Amino acid sequence: MLRIRLRIGVLGLALSAALSVPVTTASAAPSPTAEERRLDGAVPQEILRRSGFDDAAPEFGRALERARSYAEARRVVAREGSALWRRAVDRAQGRGPAGGDLSRDDDRPLYWARLGMTREVRTWEPGFGLTQARRTALLDRLERASRGQTDIRYPQKGHLRRVLLTGFDPFTLDRDIRISNPSGAAALALDGTVIRTARGPARVETAVFPVRWQDFTEGTVERTLRPHLPYVDLFTTVSQGRVGRFDVERTNGAWRGGFPDNDDVSRTETVPVADPATQPQWTGTTLPYAAVVAARTGRFPVYDHTEVTEIPAGPGTGPVVRPDGPTPGSTARAGGGGDYLSNEIAYRATLLRDRLGLHDSLPGGHVHTPVLQFGAGNTDPAAGTVTDPEFVRNRLDIIAQTRSIVTVALSATERTRG
């Protein structure tokens with residue numbers, strides 16, 4: 001999810017002003033979003049059918065139709081959203097039926113099934129009437145539950161250490177709608193699992209985030225992580241990065257570079273956070289990157305990635321690439337993880353760590369996985385198939401190496417919970 005430089009044109013697509021106008025009376029149901037409209041394509045439908053997840057949205061829609069009040073609808077979306085997350089986790093971890101011939105490690109059934117469910121809510125016109133504010137609240141409740149964000153729970157007893165890991169949805173779907181995101185697959189594979197480290201066992205809890213600027217502006221990262229960061233032993237945000245390599249990103253920048261998100265919305269601006277007067281241009285990892293890079297964690301090389309793009313302090317200067325991190329007083333234009341949402345989740349998570357006073361005691365930062373590639377001969381989205389043996393092998397290897405990286409990082413750190 002790295003910075004993508006465009007040589008021609010300026011990306012700039014504003015949200016409709018209608019989204020900011022408060023609605024207090026029942027209104028017509030809106031149309032599906034750009035992200036939801038992709039759902040009707042042949043590839044998403046094949047992925048849903050071959051995983052057995054093609055029943056999720058229709059069954060959810062029927063449950064929603066039976067709701068006779070807003071309170072009932074709230075219960076339906078919370079229950080069914082959480083059930084979808086648990087179903088995806090169970091499938092990824094080998095519990096229950098596979099539902100089809102698509103490999104269990106695949107993160108895409110969850111993504112496309114969720115979009116089917118959000119479209120049901122977005123276009124639903126119940127007899128009791130539904131204000132835009134209440135429809136938005138239902139969508140938010142469904143999103144959070146179906147992403148595992150409300151399902152983060154650690155045992156209260158015992159001596160298990162605690163790890164919090166996040167992944168992302170697939171993205172750049174207009175380039176190749178078959179895309180899977182190995183960070184989301186890793187989140188499903190690791191959620192609720194126990195890993196063995198040199199310092200004892202650790203429980204991993206995970207969540208997945210959308211590839212949408214607006215959700216980040218509205219604080220989805222902080223709302224999800226804030227209750228847990230003071231009590232975990234390590235956290236890492238994870239996303240898909242460069243071809244053929246893992247990167248531990250050393251520095252994160254306070255800049256959005258404008259590449260369109262999954263709703264075809266672009267943002268070019270300073271990362272919007274609470275209390276901007278105290279907002280730093282840069283935040284840094286506290287993961288034990290030297291230990292991770294030195295360890296043999298899997299078939300892909302792992303790098304301590306230090307490069308950033310900055311506007312140096314002083315008048316009349318433009319953006320400069322710095323291989324060894326930012327210089328004093330500079331303005332961010334790209335962190336080690338670029339200027340897209342992977343950099344932003346790393347920036348937000350580490351800024352939250354620092355604002356909670358945990359910089360010196362909590363290991364945390366961002367890891368980029370290799371780009372998940374299809375096999376040779378299956379590179380044309382129009383003619384290729386939705387999966388192949390090399391594609392599955394690559395994803396399984398990335399998941400396993402992500403687990404190994406977390407294991408090494410935990411073994412190299414000692415965290416005393418607050």
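Since the model is a prediction, treat every value here as computed from it, not as a measurement. (Residues numbered from 1 in each chain as written. Predicted model: local features only at pLDDT ≥ 70, side-chain atom pairs only at ≥ 80, totals over all residues. Heavy atoms only, no water.)

## A closer look at the overall build of the protein chain
Moving on, step 1. Tallying secondary structure elements over the protein chain gives 12 helices and 14 strands in all.
Moving on, step 2. Whereas a compact globule of 418 residues would reach a radius of gyration of roughly 22 Å, the protein chain reaches 21 Å, a difference of no more than 12%.
Moving on, step 3. Considering only C-alpha atoms, the protein chain reaches an extent of 60 × 50 × 50 Å along its principal axes.
Moving on, step 4. Burial statistics for the protein chain: of 418 residues in total, 54% are counted as buried.
Moving on, step 5. In the protein chain, of all internal contacts separated by at least 6 residues, the share reaching a separation of at least 24 is 79%.
Moving on, step 6. Accessible surface, the protein chain as shown: approximately 17,500 Å² in total, 53% of it carbon and sulfur.
Moving on, step 7. One way to put it: in the protein chain the 56 positive side-chain charges average out to a point 4 Å from where the 49 negative ones average out. (Helix = DSSP H or I, 4+ residues; strand = E, 2+ residues; numbered from the N terminus. Rg over C-alpha atoms; globule rule 2.2 N^0.38 Å. Buried < 20%, exposed > 50% of the residue type's maximum accessible area, 1.4 Å probe, protein only. Contact = heavy atoms within 4.5 Å. Areas by Shrake-Rupley, 256 points an atom, 1.4 Å probe, with all protein chains shown as cover. Lys, Arg positive; Asp, Glu negative; His and termini not counted. Charge placed at Lys NZ, Arg CZ, Asp CG, Glu CD.)

## What about the side chain of Q149?
Moving on, step 1. Among the secondary structure elements, Q149 is positioned in the loop between α6 (132–146) and β1 (161–168).
Moving on, step 2. There is a polar contact of 3.2 Å between the side chain of Q149 and the backbone oxygen of V208.
Moving on, step 3. Reaching out from Q149, the side chain makes a polar contact with the side chain of T224 at a distance of 3.3 Å.
Moving on, step 4. The residues contacting Q149, other than those within four sequence positions of it, are R144, A207, V208, F209, T220 and T224. (Polar contact = N/O pair within 3.5 Å; in protein donor to acceptor, adjacent residues only side chain to side chain.)

## Concerning the nonpolar core
Moving on, step 1. Counting residues in each nonpolar core, the largest one holds 63 residues, and the members touching the most others are F60, L64, W112, V121 and L138.
Moving on, step 2. When near neighbours in sequence (up to four residues on either side) are disregarded, W112 contacts R38, L39, P44, I47, L48, L173 and I177.
Moving on, step 3. Ranked by size, the runner-up nonpolar core spans 23 residues in total, among them F171, F209, L225 and I345. (Core = buried A, V, L, I, M, F, W, Y, C linked by side-chain atoms within 4.5 Å.)

## Let's talk about the packing of aromatic side chains
Moving on, step 1. For the structure shown, the criterion picks out nine aromatic pairs.
Moving on, step 2. Their ring planes at 65° and their centres at 6.3 Å tell us that F209 and F216 sit as a pair that is edge-to-face. Across the pair, exposure class does not vary: F209 and F216 are buried alike.
Moving on, step 3. Ring centres of F374 and F391 lie 4.1 Å apart, and the angle between their planes is 5°; on these two criteria the pair is classed as stacked. Of this pair, F374 sits in the loop between β14 (364–369) and α12 (389–411) while F391 sits in helix α12; the two residues are 17 residues apart in sequence, bridging distant segments of the chain. Note on accessibility: F374 and F391 belong to one class, buried.
Moving on, step 4. Among the aromatic side chains, those forming a connected cluster through ring pairs are F171, W213, F259 and Y340.
Moving on, step 5. The ring of F53 has R87 sitting right over it, with the charged end atom 4.2 Å from the ring centre. (Phe/Tyr/Trp six-rings, centres within 6.5 Å; stacked < 30°, edge-to-face > 60°. Lys NZ or Arg CZ within 6 Å of the ring centre and 35° of its normal.)

## So, the sheet that holds strand β13 (residues 331–334)
Strand-to-strand pairing in sheets goes through backbone hydrogen bonds, with the strands running parallel or antiparallel.
Moving on, step 1. Pairing in this open sheet of three strands is antiparallel, and the strands run β12-β11-β13 from one edge to the other. Looking at strand neighbours, the two that pair on one side only are β12 (320–322) and β13, the edges of this open sheet. Looking at each pair of strands side by side, their axes are set apart by 40° on average, direction ignored.
Moving on, step 2. In terms of strand pairing, strand β11 (residues 308–311) meets β13 through three bridges, oriented antiparallel. Paired with T309 across the strands is A334, a residue of β13. (Pairing = 2+ DSSP bridges. Axes fitted to C-alpha atoms, helices over the stretch in contact; angles between N-to-C directions.)

## Some words on the pairing of β11
Moving on, step 1. Residues V308 and E310 of β11 are buried on one face, and the alternating residues T309 and I311, pointing to the opposite face, are buried as well.
Moving on, step 2. Bridge count for β11 against β12 is three bridges, and the pairing is antiparallel. Considered in β12, the bridge of V308 is made with R322.

## Points about the pattern of salt bridges
Moving on, step 1. Under the defined criterion, the tally for this structure stands at 36 salt bridges.
Moving on, step 2. D55 is the salt-bridge partner of R87, the closest N and O atoms lying 2.9 Å from each other. In this pair, R87 sits in helix α4 (residues 70–92) while D55 sits in the loop between α2 (42–51) and α3 (56–65), placing the two residues 32 residues apart along the sequence.
Moving on, step 3. Judged by its relative accessible area of 28%, D55 is partly exposed.
Moving on, step 4. Salt-bridge contacts for R353 lead to D354; the nearest nitrogen and oxygen are separated by 2.7 Å.
Moving on, step 5. Residue R353 is classed as buried on the basis of its relative accessible area of 0%.
Moving on, step 6. Residues participating in the shared-partner salt-bridge network are E35, R114, E143, R147, D169, R212 and D215. (Salt bridge = Lys/Arg side-chain N within 4 Å of Asp/Glu carboxyl O.)

## Side note on the confidence of the model for the protein chain
Moving on, step 1. Of all residues in the protein chain, 92% attain a pLDDT of 70 or more, and the chain-wide mean is 92.
Moving on, step 2. pLDDT under 50 marks residues 3–26. Its contacts with residues more than four places away, or in other chains, come to 36 contacts. (pLDDT = per-residue confidence, 0-100.)

## Thoughts on unusual backbone geometry
Moving on, step 1. Unusually for a residue other than glycine, T172 sits at a positive phi of about 50°.
Moving on, step 2. Topologically, T172 is positioned in the loop between β1 and α7 (182–190).
Moving on, step 3. Despite not being glycine, D264 shows a phi value in the positive range, around 60°.
Moving on, step 4. Here D264 lies in the loop between β7 (255–257) and β8 (268–270).

## Details of the pairing of strand β2 (residues 194–197)
Moving on, step 1. Of the two faces of β2, only one is covered, namely that formed by I195 and T197; the face formed by V194 and R196 stays uncovered.
Moving on, step 2. Pairing of β2 with strand β3 (residues 200–209) involves four bridges; the strand directions are antiparallel. Within β3, the residue paired with V194 across the bridge is R203.
Moving on, step 3. Counting the residues in the hairpin turn of β2 and β3 gives two residues.

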